[in-house]
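Residue-level structural notes
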Amino acid sequence: MSSDPTTTPVSPEVEQQVDSADVTLSNPRGAVIALGSNLGNRLENLQGAVDALEDTPGVRIKAVSAVYETEGVGGPENQPTYLNAVLVLRTTLPPQSLLERANAVEDAFGRVREVRFGPRTLDVDILSYEGVVLNRAELTLPHPRAHERAFVLAPWLDADPGAELAGHGPVAALLAAVGEAGVTRREDLALHLPQ
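The structure contained in this document is the topic of the report that follows. It should be emphasised that the depicted structure is a prediction, and the values quoted were computed from it without experimental measurement.

With that settled, consider the pairing of strand E4 (residues 82-91). When you tally the buried positions in E4, you get 9 out of 10 residues, the bulk of the element. As judged from the 9 bridges shared by strand E1 (residues 29-37) and E4, these two strands associate in the antiparallel manner. Note that in E4 the partner of Ile33 across the bridge is Leu87. Pairing between strand E2 (residues 59-64) and E4: 5 bridges, direction antiparallel. The residue of E4 that forms the bridge with Arg60 is Arg90. Bridge count between strand E3 (residues 68-70) and E4: 3 bridges; the pairing is antiparallel. Paired with Tyr68 across the two strands is Asn84, which belongs to E4.

Core analysis: the largest hydrophobic core is formed by 31 residues, its most contacted members being Ile33, Leu35, Leu98 and Val124. The set of elements that each furnish at least two residues to this core consists of E1, helix H2 (42-54), E2, E4, helix H3 (95-108) and strand E5 (123-129). If you tally residues by element for this core, the top one is H2, at 5 residues. With sequence-adjacent residues up to four places away left out, Val124 is seen in contact with Ile33, Ala34, Leu35, Ala49, Leu53, Ala102, Val105 and Glu106. With 19 residues, the next largest nonpolar core counts Ala150, Phe151, Ala154 and Val183 among its residues.

Glancing now at unusual backbone geometry. Look at the link from Leu141 to Pro142: it is a cis peptide, with omega at -10°. Inspection of the secondary structure assignment puts Pro142 in the loop between strand E7 (140-141) and helix H4 (150-159).

Across the interface, H4 lies against helix H5 (residues 171-178) with an axial gap of 9 Å and an inter-helix angle of 140°. By the angle between their axes, H4 is oblique relative to H5. Like other packed secondary-structure pairs, H4 and H5 cross with a definite hand, here left-handed. Residues Ala150, Leu153, Ala154, Trp156 and Leu157 of H4 touch H5, and the partners they reach there are Val171, Ala172, Leu174, Leu175 and Val178. Tallied by class, residues from the contact of H4 with H5 come to 10 nonpolar, no polar and no charged.

The terminal C-alpha atoms of H2, which comprises 13 residues, lie 19 Å apart, in line with the 18 Å expected from a rise of 1.5 Å per residue. When H2 is considered as a whole, its buried residues turn out to be Asn45, Leu46, Gln47, Gly48, Ala49, Val50, Asp51, Ala52, Leu53 and Glu54. The inward-facing, buried residues of H2 contact E1, E2, E4, H3 and E5.

Calculation rules
- Residue indices follow the written sequence of each chain, beginning from 1 at its first position.
- Reporting in this predicted model follows two pLDDT cut-offs: at least 70 for local features of residues, and 80 or more for side-chain atom pairs to be given and counted; totals over whole chains, interfaces and linings ignore these cut-offs and use all residues.
- Heavy atoms throughout the structure, all of them, feed into the side-chain values; hydrogens and water do not.
- Exposure classes here rest on a 1.4 Å probe applied to the protein chains alone. A residue is buried below 20% of its type maximum, exposed above 50%, and partly exposed in between.
- Runs of H or I in DSSP of at least four residues are treated as helices and runs of E of at least two as strands, each being numbered from the N terminus.
- For two strands to be treated as a pair, DSSP must find at least two bridges joining them.
- For this analysis, a nonpolar core means a set of buried residues of the types Ala, Val, Leu, Ile, Met, Phe, Trp, Tyr and Cys, connected via side-chain atoms within 4.5 Å.
- Note on contacts: a residue pair qualifies if any of its non-hydrogen atoms lie within 4.5 Å across the two residues.
- Axis angles are defined between N-to-C directions and span 0 to 180 degrees, where every axis is a line fitted to C-alpha atoms and, for a helix, only to the segment in contact.
- Should an angle fall under 35 degrees it is called roughly parallel, over 145 degrees roughly antiparallel, and 65 to 115 degrees roughly perpendicular, with every other angle called oblique.
- Handedness of a helix crossing follows the sense of rotation of the near helix relative to the far helix, less than a right angle counterclockwise being left-handed and clockwise being right-handed.
- Gly is put with the polar residues, along with every residue not named as nonpolar or charged; the nonpolar set is Ala, Val, Leu, Ile, Met, Phe, Trp, Tyr, Cys and Pro, and the charged set is Asp, Glu, Lys and Arg.
- Multiplying one less than the number of residues by 1.5 Å gives the expected span of a helix.

Read these as geometric descriptors, not functional statements.
Structure below.
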């Protein structure tokens, strides 16, 4: 049974059909998603997001980063620290549909949008989507601030050491430029793909 609160239980036969269909769907694209949480059971919130995204038809997670603990950036002072991670996936969903799923997952975990960059139970951001450049009110791709955020770059590099951010270059070079101050890899915590 899935721990995803946005879905109802699906029989193993249906899951197997979806998995085999994903292999034959044409033109899956690479995408990168950042996860963050600094309210409630932070690790459980991140794991729930992993489970929910992996349970999404047309989405297959290919890599999950280590978990990093970080200070809040750009929001109110004295926020609790965040746990952050990055997922590398293949998807047949178009960017707008992937965004809708990300928002639904946030909502299922009680995300409240009252204060910009404020505390949150769960944040699910699309960092990049293979070959797509967008500049819309609801979605900008690549993410407009990913290149300057160590809490995004460190887990991204962990999940995909050869990663590049379109328009900005290798993630490793971007992380070296911004430094890793305030970002700590939590060796005692881990996220897992559903079995």
